[in-house]
Each structure stands twice: as structure tokens, then as C-alpha cells.
Amino acid sequence: MILLETVHELRAWRHQAGRVLLVPTMGALHEGHASLVREARRLAGDSARVAATIFVNPLQFGPNEDFDRYPRTLEADLRLCEEAGADLVFAPPVHEVYHPDRSISITESSLSTVLCGASRPGHFDGVCTVVAKLFNLVQPDEALFGRKDYQQLAVIRRLVRDLDIPVVIHGVETVREPDGLAMSSRNRYLTPEERAQAPALQAALRRARDAWLAGEQDVPRLLRAIREHVAVNAPLCREDYVSIVDPGSLQPLARVEHHAVALLAFWFGRARLIDNLELRR
Ligand code: PAF
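First, a word on scope: everything that follows refers to the structure included in this document. (Residues numbered from 1 in each chain as written. Predicted model: local features only at pLDDT ≥ 70, side-chain atom pairs only at ≥ 80, totals over all residues. Heavy atoms only, no water.)

Position of Asn-57 among the secondary structure elements: in the loop between strand 3 (49-54) and helix 3 (74-84). For Asn-57, the side chain forms a polar contact with the side chain of Gln-60, separated by 2.9 Å. One polar contact links Asn-57 to Tyr-98, side chain to side chain, over a distance of 2.6 Å. When near neighbours in sequence (up to four residues on either side) are disregarded, Asn-57 contacts Met-26, Phe-67, Tyr-98, Gly-126, Val-127 and Val-130. (Helix = DSSP H or I, 4+ residues; strand = E, 2+ residues; numbered from the N terminus. Polar contact = N/O pair within 3.5 Å; in protein donor to acceptor, adjacent residues only side chain to side chain. Contact = heavy atoms within 4.5 Å.)

Where helix 2 (residues 31-44) contacts helix 3, the axes come no closer than 8 Å and their chain directions differ by 35 degrees. Seen from above, helix 2 lies across helix 3 with right-handed handedness. Between helix 2 and helix 3, the residues in contact are Ala-34, Val-37, Arg-38 and Arg-41 and Leu-80, Cys-81 and Ala-84, respectively. Residues belonging to the contact of helix 2 with helix 3 are distributed by class as follows: five nonpolar, no polar and two charged. (Axes fitted to C-alpha atoms, helices over the stretch in contact; angles between N-to-C directions. Left-handed = near helix turned anticlockwise from the far one by under 90°. Nonpolar A, V, L, I, M, F, W, Y, C, P; charged D, E, K, R; others polar.)

Turning to helix 3, its buried residues number three or more, namely Asp-77, Leu-78, Leu-80, Cys-81 and Ala-84. Looking down the long axis of helix 3, one finds its buried residues gathered within 160 degrees of arc, a one-sided arrangement. With respect to the buried face of helix 3, the exposed residues turned more than 90 degrees away are Glu-75 and Glu-83. The inward-facing, buried residues of helix 3 contact strand 1 (2-4), helix 2, strand 3 and strand 4 (88-90). (Buried < 20%, exposed > 50% of the residue type's maximum accessible area, 1.4 Å probe, protein only. Arc of directions from axis to C-beta.)

Strand order in the open sheet formed by three strands is 7-8-9, and the pairing between neighbours is antiparallel. Both outer strands of the open sheet, strand 7 (237-245) and strand 9 (271-280), are each paired with one neighbouring strand and no more. Each strand axis lies, on average, 15 degrees off the axis of its neighbour in the sheet, ignoring direction. Taken together, the eight bridges between strand 7 and strand 8 (residues 259-268) define a ladder with antiparallel strand orientation. Across the sheet, Cys-237 pairs through a bridge with Phe-268, a residue of strand 8. Together, strand 8 and strand 9 form the strand contacts of helix 9 (residues 200-213), whose direction differs from that of strand 9 by roughly 20 degrees. (Pairing = 2+ DSSP bridges.)

Attention shifts here to the sheet that holds strand 5 (residues 142-146). What the six strands build is an open sheet, ordered 1-4-3-2-5-6; its pairing is parallel. At either margin of the open sheet sits one strand with a lone partner, and together these are strand 1 and strand 6 (168-172). Adjacent strand axes in the sheet meet at a mean angle of 25 degrees, parallel and antiparallel pairs treated alike. In this sheet, strand 3 lies alongside strand 2 (residues 20-25) in parallel orientation, the contact comprising six bridges.

Here's what the structure looks like:
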């Protein structure tokens with residue numbers, strides 16, 4: 001596996017690489033990222049190349065968010081990428097990616113207005129801008145993203161569609177701890193007490209799905225079931241949002257008939273955790 005840090009080297013590699021599958025990451029990699037790289041390796045077969053990028057993108061962090069303390073674990077990340085089957089890791093410093101006088105960014109103005117976008121103004125502009133840049137730098141044929149970041153995946157699909165970017169996007173299933181907690185780089189911020197309560201988030205979503213499968217279609221009642229479960233089982237956390245939305249538009253629904261997605265974000269101390277679950281038969 002090759003590690004590159006400059007755009008110049010990356011361009012030379014890309015020139016001779018043939019078909020490329022990309023896994024963009026911010027590092028602090030865990031089993032969820034490993035599954036993305038393994039899936040990329042599986043799709044690539046022996047002939048195509050698998051590239052991962054490791055770049056903590058300052059543009060997608062708000063002024064009071066965790067950019068400075070976001071975990072940076074490059075040595076371990078490189079081992080994980082190699083073991084999962086990557087051929088290349090591109091891990092540039094910030095000045096390789098952003099010009100000091102940069103003046104263009106990309107705004108998605110519909111899907112980004114709700115859920116995490118409402119709580120984190122500018123976040124998805126930062127994601128769109130860096131993903132478009134990473135696509136231009138690596139020029140992948142296909143790219144893989146985790147479904148845990150459901151809204152991010154929807155925004156990136158819209159980015160690619162609306163700007164005619166010739167990259168096929170794959171969404172890959174969330175990897176969970178044995179107790180149901182979705183893997184996340186931010187789980188390492190949790191205290192042991194918070195960690196013990198955090199699986200209640202996914203359990204609450206399952207409870208709502210079970211109620212829906214048993215016939216409850218009213219969204220306010222489904223949301224109440226989620227909030228009650230979290231309040232009882234995870235008293236240490238504080239709600240950012242809980243919502244049940246249309247999977248295409250991400251707009252809130254009043255009733256769920258055939259298909260919806262339930263999403264939530266909760267604060268455990270300084271860790272903001274997100275999760276989601278599709279309601280479909
Ligand atoms: O999901 C992430 O890790 C980041 O948002 C991404 C897509 C790599 C862009 O910085």
C-alpha cells in the first residue's frame with residue numbers, strides 16, 4: 001500500500017491507476033471504515049485500485065465544534081487500510097487541499113436545511129466542497145460512504161446528480177458494536193457511563209420500528225416512543241433532534257405508510273452521536 005501526501009504525487013499515481021474506487025474518510029478509523037474499504041476491495045476485484053483518503057476537513061466543522069480535538073491516529077489508520085485491502089492512502093495536509101485565499105464553495109440548499117444541517121450550519125457546504133474536491137483530485141469511478149451518515153449520503157448523491165459528477169455512489173450498511181451502538185470515531189469521547197447508555201439510541205429507533213410494524217402510523221406517537229425509551233435508558237444524554245422523514249426529500253412526515261427513515265442526534269457530554277433506521281416492510 002502506498003501513502004501519498006501531495007497533489008502532485010497523487011496525480012502521477014492516478015495517471016496510471018485504471019479504474020479506481022474511493023473511500024473518503026477523516027481518519028480515526030474503526031471497523032465501520034474497514035467494512036467500506038473491504039467492500040471497495042470486493043467491488044474492485046483484482047484489476048481496479050482501492051484508494052482511501054484521510055483528511056480532517058476544517059470546512060465541515062463549526063467554530064465551536066471538535067476540529068482541534070478530532071482524533072488523529074494516522075499510524076493505526078494506515079494499518080487498518082492496508083489490512084482491509086486499500087492500494088493507496090492519500091493523507092494531505094490542509095494546505096495541499098485549500099488555497100489560503102480560496103473563494104468558491106458548494107451549497108446544497110434543500111436536503112441540508114433539516115436534521116444535522118439545521119443543528120450544524122455550514123456543515124454540509126463543507127462536506128460538499130471537500131467531496132467535490134476529493135473527487136476531482138482522485139477522479140474515482142466509484143465511491144463508498146457509510147449509511148450511518150444517512151443525510152450526508154443523500155446530500156452527496158444530490159451533489160453528484162446536480163453537478164453531473166461521473167462517480168457511482170455506494171451506500172454501505174452501518175457496522176455496530178455487539179450491543180447495537182453504531183460505530184463512530186466520536187464514540188471514543190464517551191465516558192464508561194455514557195458508553196453503557198449509548199446503545200439506547202438504536203434500541204429506541206427499533207422500538208419505533210416495531211410499533212410501526214405493529215400498525216402505529218402516527219409520527220408524533222412514534223417520536224414519543226423514541227423519546228421515552230431514551231429518557232428511561234439513557235438519562236445522561238440530551239436531545240439534539242429526533243425526526244421521521246421521507247427518505248427522498250428528508251422532509252418530516254405526519255404519518256408513515258410505506259417507507260420512512262427515523263433519525264436522531266443526541267449529546268452525551270461532548271460527544272454528539274447520530275443514528276438512523278429505515279421503516280420499511
Ligand atoms: O464522513 C466523513 O468522514 C466525512 O464527512 C467525509 C465524507 C470524508 C468528508 O470529509
